[in-house]
Amino acid sequence: MKKFLEVNQLAKKYPIKGEKNTFLSVFENINFSMQKGEFVCIVGHSGCGKSTILNNLAGLDSPSSGNIIMDNKNVKKPSLERGVIFQNHSLLPWLSVLKNIKMAIACKFKELSTKEIEKRALHFLEMVELQDAVKKLPHELSGGMKQRVGIARAFALAPELLLMDEPFGALDALTRGKIQDKLLEICEKTNQTIFMITHDIDEAILLSDRILLMSNGPQARIAESVHVNIPKPRNRAEIVNHPNYYLIRNHLVDFLINKSSEIAKGIQNNTIDDSEMPKNVSFTNTADLENRKAM
Amino acid sequence: MSRENIQTITLSLLILFLIFFIGELATTNGERNKKELSEYEQLMGLGEPQAHVPGPIEVLKLAVKELSHPFYDNGPNDKGIGTQLFYSILRVLAGYLLAVVIAIPIGFLIGMSPVFYNALQPYIQVLKPISPLAWMPLALFVIKDSILSSVFVIFICSIWPILLNTAFGVMSVKKDWLNVSKTLEMGPFETAFKIILPAALPTIFTGLRISMGISWLVIVAAEMLVGGTGIGYYVWNEWNNLDLTSVVFSILMIGIVGMGLDLLISQTSKYFMYQE
Ligand SMILES: Nc1ncnc2c1ncn2[C@@H]1O[C@H](COP(=O)(O)OP(=O)(O)OP(=O)(O)O)[C@@H](O)[C@H]1O
Ligand SMILES: [Mg+2]
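Residues numbered from 1 in each chain as written. Chains lettered and ligands numbered in written order. Predicted model: local features only at pLDDT ≥ 70, side-chain atom pairs only at ≥ 80, totals over all residues. Heavy atoms only, no water.

### What to know about the domain arrangement of chain B
All names here are of chain B. The domain boundaries assigned to chain B delineate domain 1 (1–46) and domain 2 (53–269). Placing a centre on the C-alpha atoms of domain 1 and another on those of domain 2 gives a separation of 33 Å. In this assembly, five residues from domain 1 lie in contact with six residues from domain 2. Approximately 430 Å² of surface area, both sides summed, lies buried where domain 1 meets domain 2, with 73% of it carried by carbon and sulfur atoms. Looking at the side of domain 1 facing domain 2, the largest losses of area belong to Phe20, Glu24 and Thr27, adding up to 86% of the total buried there. Applying the counting rule to domain 1 against domain 2 returns zero salt bridges. Here domain 1 and domain 2 share one residue pair in polar contact (both at pLDDT 80 or more) between them. Its residues assigned to classes, the side of domain 1 that touches domain 2 comprises two nonpolar, two polar and one charged. (Domains from an automatic or database assignment. Contact = heavy atoms within 4.5 Å. Buried area = accessible area lost by both parts, 1.4 Å probe. Salt bridge = Lys/Arg side-chain N within 4 Å of Asp/Glu carboxyl O. Polar contact = N/O pair within 3.5 Å; in protein donor to acceptor, adjacent residues only side chain to side chain. Nonpolar A, V, L, I, M, F, W, Y, C, P; charged D, E, K, R; others polar.)

### What to know about the sheet that holds strand S9 (residues 210–214) of chain A
Residue and element names in this part refer to chain A. Read across the sheet, seven strands follow the order S6-S7-S8-S3-S9-S10-S11 without closing on themselves; strand pairing throughout is mixed. Single-partner strands in this sheet number two, and they are strand S6 (82–85) and strand S11 (279–281). Between one strand axis and the next, the sheet turns through 20 degrees on average, direction left out of account. (Pairing = 2+ DSSP bridges. Helix = DSSP H or I, 4+ residues; strand = E, 2+ residues; numbered from the N terminus. Axes fitted to C-alpha atoms, helices over the stretch in contact; angles between N-to-C directions.)

### Considering the layout of surface pockets
Picture a little ball the size of a water molecule; that probe, rolled over the atoms, points out where space is still empty. Taken as a whole, the largest pocket spans an internal volume of roughly 250 Å³. Taken together, 13 residues line the largest pocket, and the ones lying closest to its centre are Asn55, Phe86 and Asp165 of chain A together with Lys175 and Asn179 of chain B. Looking at the lining of the largest pocket, the element that brings in the most residues is helix H8 (residues 175–183) of chain B, giving four residues. Residue classes in the lining of the largest pocket are distributed as three nonpolar, five polar and five charged. Roughly 220 Å³ of volume is contained in the second largest pocket. Residue lining of the second largest pocket: Leu16, Ile19, Phe20, Pro54, Gly55, Pro56, Val59, Leu60, Ala63, Val248 and Leu252 of chain B, and that is the complete set. Here the element with the most residues in the lining of the second largest pocket is helix H3 (residues 56–68) of chain B; it accounts for four residues. Within the lining of the second largest pocket, the residues separate by chemical class into 10 nonpolar, one polar and no charged. Among the domains, domain 1 (1–46) and domain 2 (53–269) of chain B are the pair contributing at least three residues each to the lining of the second largest pocket. (1 Å grid on protein atoms, 1.4 Å probe; cavity = no way out; pocket = protein on both sides within 12 Å on 5 of 7 lines; lining within 4 Å. Points joined across faces, edges and corners; volume = space filled by probe spheres on them.)

### Let's talk about unusual backbone geometry
All names here are of chain A. Omega for the bond connecting Lys232 with Pro233 falls within 30 degrees of zero, at -5 degrees, which places this linkage in the cis form. Its place among the elements puts Pro233 in the loop between strand S10 (222–227) and helix H7 (236–239). Non-glycine residue Asn21 carries a positive phi angle of around 60 degrees. With respect to the helices and strands, the residue Asn21 is situated in the loop between strand S1 (5–15) and strand S2 (23–34). A relative accessible area of 73% means that Asn21 is categorised as exposed. (Buried < 20%, exposed > 50% of the residue type's maximum accessible area, 1.4 Å probe, protein only.)

### A word on empty space enclosed by the protein
Inspection of every chain in the model, using the stated rule, returns one cavity of 30 Å³ or more. Roughly 120 Å³ of volume is contained in the largest cavity. Mapped onto the lining of the largest cavity, the elements with two or more residues apiece are S6 and helix H4 (143–156) of chain A together with H8 of chain B. Taken together, the residues of the lining of the largest cavity break down into seven nonpolar, three polar and two charged.

### Notes on the sheet that holds strand S4 (residues 65–70) of chain A
Residue and element names in this part refer to chain A. The strand order S2-S1-S4-S5 describes an open sheet built from four strands, whose pairing is antiparallel. Each end of this open sheet is capped by a strand with a single partner; those strands are S2 and strand S5 (73–74). When S1 meets S4, the two strands line up antiparallel, connected through five bridges. Across the sheet, residue Leu5 finds its bridge partner in S4, namely Met70.

### Some remarks on the nonpolar core
All names here are of chain A. Core analysis: the biggest nonpolar cluster contains 96 residues, and Leu5, Phe32, Ile53 and Phe195 have the highest contact counts within it. Ignoring any residue separated from it by four or fewer positions in sequence, one finds Phe32 in contact with Leu5, Glu6, Val7, Ile53, Leu57, Phe195, Leu212 and Ile222. Residues Leu141, Ile179, Leu183 and Ile263 belong to the second largest nonpolar core, which totals 59 residues. (Core = buried A, V, L, I, M, F, W, Y, C linked by side-chain atoms within 4.5 Å.)

### Notes on the site of ligand 1
Residues and elements named next belong to chain A. Taken together, Tyr14, Val26, Ser46, Gly47, Cys48, Gly49, Lys50, Ser51, Thr52, Glu166 and His199 make up the full set of residues adjacent to ligand 1. With respect to ligand 1, the side chain of Ser46 contributes an N or O atom lying 2.5 Å from an oxygen atom. Here an oxygen atom of ligand 1 sits 3.3 Å away from a polar atom, N or O, in the side chain of His199. For ligand 1, whose accessible area on its own is 640 Å², the fraction buried by protein is 58%. For the shell around ligand 1, the element with the highest residue contribution is helix H1 (residues 50–58), accounting for three residues. Each residue belonging to the shell around ligand 1 can be placed in one class, and the counts come to three nonpolar, six polar and two charged. (Near = heavy atom within 4 Å. Areas by Shrake-Rupley, 256 points an atom, 1.4 Å probe, with all protein chains shown as cover.)

### Overview of the interface of chain A and chain B
Taken together, the contact between chain A and chain B spans 18 residues of the former and 17 residues of the latter. Of the roughly 1,700 Å² buried between chain A and chain B, counting both surfaces, carbon and sulfur atoms make up 72%. Together, Pro93, Trp94 and His139 of chain A form the three largest contributors to the area buried by chain A at its contact with chain B, with a combined 32%. Joining chain A to chain B, the criterion identifies zero salt bridges. Run the count over chain A and chain B and you get four residue pairs in polar contact (both at pLDDT 80 or more). Tallying contributions element by element places helix H2 (residues 97–108) of chain A first for the side of chain A that touches chain B, with three residues. Class assignment for the residues of the side of chain A that touches chain B results in 13 nonpolar, four polar and one charged.

### Structural notes on a nonpolar patch on the surface
Taken together, Met1, Ile6, Ile9, Leu13 and Leu16 of chain B make up a surface patch of nonpolar side chains, about 550 Å² in accessible area. Mapped onto the fold, Leu16 of chain B is located in helix H1 (residues 3–35). (Patch = residues over 30% accessible without salt bridge, like charges linked within 9 Å, V, L, I, M, F, W, Y side chains within 5 Å.)

Given below as C-alpha cells:
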C-alpha cells in the first residue's frame, strides 16, 4: 500500500550557547510512516522531542536533516492540508467561538459564501455539542469547552492530516474522558488521519491504531511501533476486557520505565544498532482468541 | 444603588464641600489682611483689590457667566473660553492625528522586524526624552507660522508613546496566534490585519491614551509661548491682566477638557479590549 506520510532520517540539533561547533542533538534517525485514515499516537518522556517532531510535521519548524513527504510532496512550510490542535487551544481571544471557526473556514474554503461558511461552522460546533456557546468569547469557556472548539475548528477544515500536541493534557480526568469519547465518535465518522502526542497511555490505547514509542533524549529515537490490535469501534468500558489491552498496556509501561532509558544509554555508548528502528511490535496471537470467543 | 456606591458618592461630595470650605476660608483671610495694610503699602498700591487669589464662590460666579456664552469673539484679546478651548483642541487633534497616522505604521514595522527595531532604536531613544517645547524655536524658524508650530510640537510629543506602544504590542503578539495564521496559510497583509492588529490594539490604545494626555499638557505651555489664541494664551493673558479669578477658572476648564479627552479614548478602547 502506498504510504501517505513518510518521515525519513529526521534529526534536530540545536547549537549549544557559548560553545562553538558543538550541538545538542534532540533526536536522530527518526523514521516512520503513516497511512491514510490511520490514528497514530506518539509517547515518550518529557523533553525527548515529541513536540519538535510534530512542529516539523506541521511545517512550523524545520529539521536539521532528513525530510518529510506527504502525498508525494516535501513538507517545507505550514499548509491548510495539515491542521494543528495546539496544547493551549490557541483560539483568538477577541473573536467569539463562532467567528474563530468561521475565520478558519474562510481561509480554507475561499469559494464558500458567508452563509455556507456559517452553516459549516455551526455543523462542526454541534458535533462537539457547543451549539449553545457560539456567541461566547473564549475566556468565557471552560478548559474542556475551549479544547472542543479547537477540535471543531480543526475538523471543520478537513485537513489531510491532523496533528495534536497533548490536546487534553490540561483537562481533568472526567472532562478528558468525555472529550476522548467525542473524538472517538468523530473519527469513526470522518476517518480522519491523526498524529497525536500524549502522556496518557490509556488514552493512546483507546484512540490509536498504532503507538510510536520514543527513547529518552538527547539523541532520542523512535524505538518501537506498537500495533493496537483491538477492533474498532472501541469504547472505554469494554476495551479493558480485551485480552490485548493489558498486554499492550504492560508493554508500554515497561518501555517507559525501563527500556526508554536503557536504549538511550545504549545509543550514547554505541552499543545499540538503530538501523532496524522502529521495531514493529504486535500482539497478534490473541486475535484468534477473539475469534474463538465470537464463535 | 449598592452600599459601596452610596459610600463613594458621599465621600466624593464631602471632599467637594471641604475644598469649597477651606478655599473660602483661606481666601477671605487674605482679604481681611488687606484691610489692615499699612499706609505705605496702600500708597504703593500693593494691596490692589483685584489681584488676589479668588475663593470658590467667586470662581463659580465667573464660570456661570463665562459658560452662559462661551463662544463670543470680541477681537484678539477678548474671546470666550469656549472659543479658546476650541482652538487648543483643534491644534491638539491636528498634531495628534498626524502622529497616529505616522506612528502606527512605523510602530508596526519596528515591531515586526528586528532589523528595523535595532536600526531605529538609538534615534528613538535620543529623540524621545527631548522636551517638546525645545523644538519650538526650530519649528518657528522653519515653519514660520505660530499655529503650525504648535501643531508640530504636539505631533512630536505624541509620536513616541504611540510608536513605542505599537511596536511593543506587535512584538508581544503570542507565537501561538501567529502559528494559527501560518497554519491557515494567511498572507502577510491578512496576518497583519486579522491577527496582529487586533492582538496589539489594547497596547496601542495605551499609547494613544498617554499621547493624548501629554498633548493636552503641552498645548497649554506651547500656546503660552507663541500667543495669539488658545487656552494657554488665555491663561497667560489673564495673568497679565491680574485677573486671577479667570486664571483659576481656566485652570479648572483645562482639567475638565483633559479629562474629557482621556475619557473619549478610554471609552473607545473598551471596544478593542479582550481577555485571555
Ligand atoms: N530553541 C531551542 N533551543 C535549544 N533547545 C531546544 C529548543 N527548543 C527545544 N529544545 C530542546 O529540545 C528538546 C525537545 O523539546 P520538545 O518540546 O520537543 O519536547 P517534548 O517531547 O515535546 O516534551 P514535553 O513532553 O515536555 O512536551 C528539549 O530537550 C528542549 O530542551
Ligand atoms: Mg511537548
